[in-house]
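Residue-level structure breakdown
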Amino acid sequence: MKQKHHFRRGEPNMPLILCALAALALITLIVATGLGPVSVSPGTTIRILMSRIPVIGSGVAHTWQTLDENIVLGLRLPRVCLGMVVGASLAVCGVTMQALVRNNLADPFILGVSNGAAAFATLGMLFGAFSFLGTYSLSISAFLGSAVTILFVYTISRVRGRIHITQLLLSGVAVSMIMDGVTNIITLSAPNALGLHNAEFWMSGSLAGARWAYLTLPLAVLVICMAVLMVNYRGLNLLLLGEESAGALGVNVRRLQKLLVLVASLMAGVTIAVSGSIGFVGLMVPHFTRLLVGGDHKKVLPISALLGGILVVWVDVAARLVIAPEELPVGILTAVIGGPVFIWMLKKSHREKQ
């Protein structure tokens, strides 16, 4: 007989799993903040962070150098926090899309939001089309591209006032190809090599430009969308049975589908705007979560958020260290590392079902 797992998918110990992942996320936050071409010890990082906490901070002895404080608070901490938010958003968005289209191979970018964002972002980076937007022109232009794309896809996929899932997927593929073609035209017309390199680096996904100002909107969107999804977790579970079955069990399928398209598009668009296209997280993390806790979205959503955040932060650390002082795009590493891991999970899951 097979040995029983500590984390049984039928009856997972959710308090234990959540506490373990929350502790791992906190450890990740502290350790990852200190890692890079110039390292800061975890003890120093903890003291620097505690010094900024009201009341407690006044009692912390100032034993670190100003350089360490600037690295931790000015460079690394906003990057790690952004990585947590981006990873959580991608994972939750992946769960949402897979429930919407009832296909575990769906990912956050299946509706073409990344291609639309890339087209607008490259137009801005290479030709300054959105320079009038100021400091955040790249993020705003990428979000605009995502919004325009999803509006096209949504409009095309509506059949008699409701979303037709097959039409939604096919529309996403078609619009993705159109936007990809536009992006290729823009990059082939690039006026200089440096701009082309920057555009390619951004499209591969990176947290290098992280700032505290970039955190507010993605975090607010993640919290709001997460709350909406948790309220509708029962509908997500029933939607997997099919539209007719879900409707028969009391779910307003038309309203729920529109809500899921809005939530997934908003999270994907905002995430791409601040980090570029980081692939594989939204596809891989939901699968791993289901292997851990089963298919109930009440459990899948929070666990996916924690796992996604932790994963992106550590991949970003690897991106900073592999060829330091240079760095690799995070999206490249998630594909290189995530591909083999995902294949292993699929094989393992198949063997367990036999």
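Refer to the preceding data block for the structure.
With that settled, consider the overall build of the protein. Scanning the protein from terminus to terminus reveals 14 helices and two strands. Against the compact-globule benchmark of 20 Å for 354 residues, the protein has a radius of gyration of 21 Å, which places it among compact chains. Seen along its three principal axes, the alpha-carbon backbone of the protein occupies a region of about 65 × 60 × 40 Å. Burial analysis of the protein (354 residues in total) assigns 48% to the buried set. Partitioning the contacts of the protein with sequence separation of at least 6, the portion at a separation of at least 24 is 76%. Working note: accessible area of the protein is about 17000 Å², and carbon and sulfur atoms make up 67% of it. Each charge sign in the protein was given a centre, from 25 positive and 13 negative side chains, and these centres are 11 Å apart.

All right, on to the environment of Val-101 then. Of note, Val-101 is situated in helix H3 (residues 66-101). For Val-101, a relative accessible area of 8% gives the class buried. In this structure, the C-alpha to C-alpha distance between Val-101 and Val-159, residues 58 residues apart in sequence, is 16 Å. Those residues in contact with Val-101 that lie beyond four places of it in its chain are Ala-106, Ile-165 and Leu-169.

We now examine the packing of aromatic side chains. One pass over the full model with this rule turns up one aromatic pair. Centroid distance Phe-120 to Phe-130: 5.9 Å. Interplanar angle 20 degrees. Geometry classified as stacked. One end of the pair, Phe-120, is in helix H4 (residues 113-127); the other, Phe-130, is in the loop between H4 and helix H5 (137-157), and 10 residues separate them in sequence. Among the residues examined, Phe-130 registers a relative accessible area of 12% and is labelled buried.

So, about the nonpolar core. In terms of nonpolar packing, the biggest core is built from 83 residues, with Met-97, Leu-100, Leu-168, Leu-229, Met-267 and Ile-303 touching the most fellow members. If you tally residues by element for this core, the top one is H3, at 15 residues. Beyond its immediate sequence surroundings of up to four residues, Met-97 is in contact with Ala-106, Asp-107, Pro-108, Ile-110, Leu-111 and Ala-264. With nine residues, the next largest nonpolar core counts Val-40, Val-60, Trp-64 and Ile-71 among its residues.

Let us now look at the packing of H5 against helix H11 (residues 253-275). Viewed as axis vectors pointing N to C, H5 and H11 meet at an angle of 155 degrees, and their least axial separation amounts to 8 Å. Our classification of the angle between H5 and H11 gives roughly antiparallel. When you trace H5 past H11, the crossing you get is right-handed. Touching Ser-139, Ala-142, Phe-143, Ser-146, Ile-150 and Tyr-154 of H5 are Lys-258, Val-261, Ser-265, Leu-266, Gly-269, Val-270, Ile-272, Ala-273 and Val-274, all from H11.

This paragraph deals with the packing of H4 against H5. At their nearest, the axes of H4 and H5 sit 7 Å apart, and the two run at 140 degrees to each other. With respect to each other, H4 and H5 are oriented oblique. Handedness of the H4/H5 crossing: right-handed. Here H4 contributes Val-113, Gly-116, Ala-117, Phe-120, Ala-121 and Met-125 to the contact with H5, which in turn contributes Leu-138, Ser-141, Ala-142, Leu-144, Gly-145, Ser-146, Val-148, Thr-149 and Ile-150.

Most of the time, phi is negative for any residue but glycine, and the peptide bond is trans. Phi at Val-55 takes a positive value of approximately 75 degrees, unusual for a residue other than glycine. Within the element layout of this structure, Val-55 appears in the loop between helix H2 (42-51) and H3. Given a relative accessible area of 77%, Val-55 falls into the exposed group.

Right, let's get into the side chain of Ser-171. Along the chain, the position of Ser-171 falls in helix H6 (residues 165-188). We classify Ser-171 as buried; its relative accessible area is 5%. A polar contact is formed between the side chain of Ser-171 and the backbone oxygen of Gln-167, at a distance of 2.5 Å. Setting aside chain neighbours within four positions, we find Ser-171 in contact with Val-153, Ile-156 and Ser-157.

Looking at the secondary structure, you find Ser-141 in helix H5. The contacts of Ser-141, once residues within four sequence positions are left out, are Phe-120, Ala-121, Phe-130 and Leu-133.

Turning next to H11. With 23 residues, H11 extends 32 Å from end C-alpha to end C-alpha; this agrees with the ideal 33 Å at 1.5 Å per step. Once H11 ends, the next one or two residues include Gly-276, with phi positive near 75 degrees.

A few words now on the pattern of salt bridges. Overall, the coordinates contain four salt bridges when judged by the stated rule. Arg-79 is paired through a salt bridge with Asp-316; the nearest N and O atoms lie 2.8 Å apart. Taken together, the residues Arg-79 in helix H3 and Asp-316 in helix H13 (residues 297-321) connect sequence positions 237 residues apart. When its relative accessible area of 9% is taken as the criterion, Arg-79 is described as buried. The salt bridge partner of Asp-316 is Arg-320, with a shortest N-O separation of 3.1 Å. Of the two residues, Asp-316 and Arg-320 both sit in helix H13, four residues apart, roughly one turn of that helix. The pair Asp-316 / Arg-320 is uniform in exposure class, with both members buried. One salt-bridge network, in which partners are shared between bridges, spans Arg-79, Asp-316, Arg-320 and Glu-327.

Calculation notes
Per chain, residue numbering runs from 1 following the sequence as it is written. This being a predicted model, a pLDDT of at least 70 is required before a residue's local features are given, and a value of 80 or more before pairs of side-chain atoms are given or counted; all residues contribute to the totals for chains, interfaces and linings. Just so you know, side-chain values use all the structure's heavy atoms and leave hydrogens and water out. Segments assigned H or I by DSSP are reported as helices when at least four residues long, segments assigned E as strands when at least two residues long, and all are numbered from the N terminus. We compute the radius of gyration over the C-alpha atoms and compare it with the globule rule, which gives 2.2 Å times the number of residues raised to the power 0.38. Remark: exposure states derive from per-residue accessible area (1.4 Å probe, protein chains only) relative to the maximum for the residue type, with buried under 20%, exposed over 50%, and partly exposed in between. Whether two residues are in contact is decided by their heavy atoms, any of which lying within 4.5 Å being enough. Surface accessibility follows the Shrake-Rupley procedure with a 1.4 Å probe radius. Residue values consider only the protein chains on display as shielding. When charges are counted, neither His nor the chain ends are considered; positive counts come from Lys and Arg and negative counts from Asp and Glu. One atom stands in for each charge, and that atom is NZ of Lys, CZ of Arg, CG of Asp or CD of Glu. The rule is short: rings of Phe, Tyr and Trp, with Trp giving its six-membered ring, pair when the centres are within 6.5 Å, and they are stacked under 30 degrees, edge-to-face over 60, tilted in between. As used in this record, nonpolar core signifies buried Ala, Val, Leu, Ile, Met, Phe, Trp, Tyr and Cys residues forming a set joined through side-chain atoms within 4.5 Å. Between N-to-C directions, angles span 0 to 180 degrees; the directions come from axes that are lines fitted to C-alpha atoms, helices contributing only their stretch in contact. Angle categories are assigned with fixed cut-offs, so that under 35 degrees is roughly parallel, over 145 is roughly antiparallel, 65 to 115 is roughly perpendicular, and the rest are oblique. By definition, any crossing whose near helix is turned counterclockwise from its far helix by less than a right angle is left-handed, and any crossing with a clockwise turn is right-handed. What qualifies as a polar contact is a pair of N or O atoms within 3.5 Å, subject to a donor-acceptor requirement within protein and to the restriction that residues adjacent in sequence count only when both atoms come from side chains. For a helix, the expected span equals 1.5 Å multiplied by the residue count minus one. When a carboxyl oxygen of Asp or Glu lies within 4 Å of a side-chain nitrogen of Lys or Arg, that pair is called a salt bridge.

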